Amino acid sequence: MTVTLVQPRHIYAPESDEFGHVYMPTSLLSVAARFVKSGLEVQLVDENVTKSEITGSVVGINVIGAPYINSAITILKRYQSLISNGVALVGGQGVRGLSTREFSSLFGINTIRGDDPTALATALARNISSKETTSLIPAYQLLPDTVLRGYLSGEFCFYLSQGCKFSCTFCAGERSQTNRAIAYGLISESYRQMDVTSEDLLFLAQKAKFFGLGELNIYLSNLDLFQTPELLYEFSRIAHHIRRKVPEVSIRMRGLSTVKSFLSCHKKNKRVVVSMVDAGLERVGFGIDGATPHVWKETKKPQQASQCIEAIMVSNKEYGLIPESLMVFGHNGADDENSLDASVRFVNETRTMYQSVPRPHVAKDIIPGNDGWKSAVFRPRIDYLLRTPSAFQLLDFTTLPSWLTHPDPHFRRRVSSAFLAICDFEDCLTKYTLPEDPEAVPSELEFAKSFNSGRYDI
Ligand code: B12
Ligand code: SF4
């Protein structure tokens, strides 16, 4: 049985034959490797690199985040006749948080949830091995050298862990759920098996050497890098070992972290931070996500202002890291004019004092998997999204607030101007995008699409 796995073209890639967002599709490669290990043949199609020509009758699509839901629907429609006698799979972080009813209404009742191991095993008539125990090498080997070289020439994501023990209300990542009224479940960060991690990193370093590339630029998949210090330390030792084995290729890494886990690691396990820096860690994106105790309490973000400053300062002054101020803000019902101004001030002060790089994002109440998505209050807007899947673009965190995400026009304007004020800082990394509002007049919609072209989030 051949399974064709498809990475949809970036939603802001130009609609032409040129390359889209060339970025290694690690989630899909992990799926490919698990399928190969289970005896399936796999064809990989990255629509950013090639036009998809699907021949098999089993098609699987990755949805990295909510903005890709409409792309997955479009791809399923394009191959309807092929799939009608076969199997359609849709998986990824962007669809994990949909209920069964919502998933079926978007992708059809026969489409299988790729993130449900039981459904997957039944549909493919075999057990599919777990992501933690599976090496990605068989998937890297499916890629032509020109494509792998292209992926390794820029930054790529290295799958090291998944999951976060915290439960910030706005977050749709794989994290703990602590609202008993909705669902209750604590999770902890889960690392891949270390021998598999080591094999994969060595393989990529050797490939880079073979291609004549002098460095690997890695974005670690961890949601909160310092959450499990012992395992992070083990990984840093692996990276040291590989640097020694393949000295021609240097390893440069970045990751995301809460200020809480970073400070705890700095205070109790300093050698872990030091070892990661020695292994090539250069940048850490700190989830600041607000600037007042009220906002952090409402969103269950586990921190205080003094800790945010301390983490940024210590990371920069003591470890020589480049901190990033990841600022998801503009929360309805939690932010107000003062807290929005405080967020802009925070980003400005930390960038001038500690070289913290601004990365603002607009908070969106309803993302499949976050608390808002499960709240009855938002049902009418969720039903609108299910009926109008192109509107999922409005949930992109780089997109200015719209009627769907920020219904109060006055607050919407305030959030827009605070967000744009941060985007205006010369060192800001976020390229803001415009709402591609299905309700807008055609000329406005066209303007937004052409403005957004090529503005990829990092
Ligand atoms: C790397 C990364 C990126 C890269 C993506 C490059 C790429 N094409 O892969 C970049 C930097 C470009 C990126 C962009 C965005 N990202 Co991102 N990203 C990540 C990150 C750090 C790692 C993803 C990864 O490779 N994980 C490792 C793999 C192995 O795990 P996995 O994705 O869970 O996949 C497993 C299963 O889901 C399943 N599966 C996945 N796909 C499929 C498909 C099939 C057919 C099947 C059967 C199974 C299956 O099997 C996989 C394991 O084998 C995650 C954080 C995280 N830890 O997941 C955020 C994350 C996925 N990103 C997220 C978001 C929101 C985005 C953006 C949408 C942000 C935005 N601007 O709004 C943008 C995209 C914007 C746009 N308009 O396109 C959120 C998604 C939350 C959600 N539930 O919606 C995450 C979880 C971060 C977070 N803290 O919330 N991202
Ligand atoms: S925002 Fe970050 S810290 Fe909060 S739950 Fe999500 S991944 Fe964890």
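Higher on the page you've got the structure.
In this text, all values refer to a predicted model and were calculated from it rather than measured experimentally.

(A) The arrangement of the overall build of the chain in detail. The secondary structure content of the chain amounts to 18 helices and 13 strands. Projected onto the principal axes, the alpha-carbon positions of the chain cover approximately 55 × 55 × 45 Å. Taking all 458 residues of the chain together, 58% fall into the buried category. Intrachain contacts of the chain at a sequence separation of at least 6 include 78% that bridge at least 24 residues. On the chain, roughly 19100 Å² of surface is accessible, and the fraction owed to carbon and sulfur atoms is 53%. For the chain, the separation between the mean place of its 48 positive charges and that of its 49 negative charges on side chains is 4 Å.

(B) Spotlight on the site of ligand 1. Near ligand 1, the surroundings consist of 44 residues, among which S30, R34, Q93, D115 and D396 are the closest. The separation between a nitrogen atom of ligand 1 and a polar side-chain atom of Q162 is 2.7 Å. One of the side-chain nitrogen or oxygen atoms of D396 is found 2.7 Å away from a nitrogen atom of ligand 1. Elements with a contribution of two residues or more to the shell around ligand 1: α1 (26-37), β3 (58-62), β4 (87-91) and α4 (93-96). For the shell around ligand 1, the element with the highest residue contribution is α1, accounting for five residues.

(C) Structural context of the site of ligand 2. Every residue near ligand 2 is listed here: C164, F166, S167, C168, C171, R175, L223, T258 and K301. Here the residues of the shell around ligand 2 are counted per class, giving five nonpolar, two polar and two charged.

(D) Just the sheet that holds strand β2 (residues 41-46), in detail. Strand order in the open sheet made by the five strands is β2-β1-β3-β4-β5, with parallel pairing throughout. The sheet is open, and its two edges are formed by β2 and β5 (112-113), each paired on a single side. Helix α2 (residues 69-78) contacts β1 (2-7), β3 and β4 of the sheet and is inclined by roughly 165° relative to β3.

(E) Summary view of the environment of E324. Among the secondary structure elements, E324 is positioned in strand β12 (residues 322-329). When its relative accessible area of 1% is taken as the criterion, E324 is described as buried. Sequence separation of E324 and G287 is 37 residues, and the distance between their C-alpha atoms is 8.5 Å. The residues contacting E324, other than those within four sequence positions of it, are R283, V284, G285, F286, S356, V357, R359 and L429. A distance of 2.8 Å separates polar atoms of two side chains, one belonging to E324 and the other to R359.

(F) View of the packing of aromatic side chains. Summed over all chains, the structure comprises 11 aromatic pairs. Measuring from centroid to centroid gives 6.3 Å for W373 and F392, while their planes differ by 35°, and the two rings are tilted. Here W373 is found in the loop between β13 (357-362) and α16 (379-387), whereas its partner F392 is found in the loop between α16 and α17 (409-423), with 19 residues between them in sequence. Against the face of Y219 rests R254, its NZ or CZ located 3.8 Å from the ring centre. The aromatic ring of F425 is capped on one face by R351, whose charged end is 4.3 Å from the ring centroid.

(G) Broad picture of the sheet that holds strand β11 (residues 281-287). Read across the open sheet, the six strands follow the order β6-β9-β10-β11-β12-β13; overall the sheet is parallel. The sheet terminates laterally at β6 (155-158) and β13, the two strands that pair on one side only. Geometrically, the sheet is characterised by an average inter-axis angle of 25° between neighbouring strands, direction not taken into account. Sheet contacts for helix α14 (residues 305-317): β11 and β12; angle to β12, the most-contacted strand, approximately 155°.

(H) Inspection of the environment of F170 at higher detail. By the element assignment, F170 lies in the loop between β7 (161-162) and β8 (190-191). Take F170: its relative accessible area is 11%, and that puts it in the buried class. Residues within four places of F170 in sequence aside, it is in contact with D289, T299, K301, V328, H331 and N370.

(I) The pairing of β13, seen in detail. Of all the six residues making up β13, six are buried; the element is thus mostly covered by neighbouring parts of the structure. Side chains V357, R359 and H361 project from β13 onto one buried face, and the interleaved P358, P360 and V362 project onto a second face that is buried too. Inspection of the sheet shows β12 paired to β13 by six bridges, in the parallel sense. Paired with L326 across the bridge in β13 is R359. Handedness of the β-α-β unit built from β12, helix α15 (residues 337-354) and β13 comes out right-handed.

(J) Broad picture of the nonpolar core. With 92 residues, the main nonpolar core has F35 and L216 as its most contacted residues. Sort the elements by how many residues they give to this core and helix α9 (residues 194-211) lands first, with eight residues. Dropping the residues within four chain positions of it, L216 is found in contact with L152, F156, L201, L204, A205, A208, V249, S250, I251 and R252. One finds Y68, L76, F103 and Y384 within the second-largest nonpolar core, a separate group that totals 35 residues.

(K) The pattern of salt bridges, seen in detail. Across all of its chains, the model carries 20 salt bridges by this definition. The residue K207 makes a salt bridge to D145 at a minimum N-O spacing of 3.2 Å. Taken together, the positions of K207 in helix α9 and D145 in helix α8 (residues 145-153) put the pair 62 residues apart, joining distant regions of the chain. Among the ionic contacts, a cluster of salt bridges with common partners joins E102, R379 and D383.

(L) α17, seen in detail. The terminal C-alpha atoms of α17 lie 21 Å apart, and with 15 residues this matches the ideal 21 Å at 1.5 Å per residue to within 8%. When we look at burial in α17, the residues that qualify are F411, R414, V415, S416, A418, F419, I422 and C423. Check the buried side of α17 and you find it contacts β12, α15 and β13. The residue sitting at the N-terminus of α17 and contributing the capping side-chain oxygen is D408; that oxygen lies 3.1 Å from the backbone nitrogen of H410.

What counts as what
- Residues numbered from 1 in each chain as written.
- Chains lettered and ligands numbered in written order.
- Predicted model: local features only at pLDDT ≥ 70, side-chain atom pairs only at ≥ 80, totals over all residues.
- Heavy atoms only, no water.
- Helix = DSSP H or I, 4+ residues; strand = E, 2+ residues; numbered from the N terminus.
- Buried < 20%, exposed > 50% of the residue type's maximum accessible area, 1.4 Å probe, protein only.
- Contact = heavy atoms within 4.5 Å.
- Areas by Shrake-Rupley, 256 points an atom, 1.4 Å probe, with all protein chains shown as cover.
- Lys, Arg positive; Asp, Glu negative; His and termini not counted.
- Charge placed at Lys NZ, Arg CZ, Asp CG, Glu CD.
- Near = heavy atom within 4 Å.
- Polar contact = N/O pair within 3.5 Å; in protein donor to acceptor, adjacent residues only side chain to side chain.
- Nonpolar A, V, L, I, M, F, W, Y, C, P; charged D, E, K, R; others polar.
- Pairing = 2+ DSSP bridges.
- Axes fitted to C-alpha atoms, helices over the stretch in contact; angles between N-to-C directions.
- Phe/Tyr/Trp six-rings, centres within 6.5 Å; stacked < 30°, edge-to-face > 60°.
- Lys NZ or Arg CZ within 6 Å of the ring centre and 35° of its normal.
- Right-handed = clockwise from strand over helix to strand, strands pointing away.
- Core = buried A, V, L, I, M, F, W, Y, C linked by side-chain atoms within 4.5 Å.
- Salt bridge = Lys/Arg side-chain N within 4 Å of Asp/Glu carboxyl O.
- Expected span 1.5 Å × (residues − 1).

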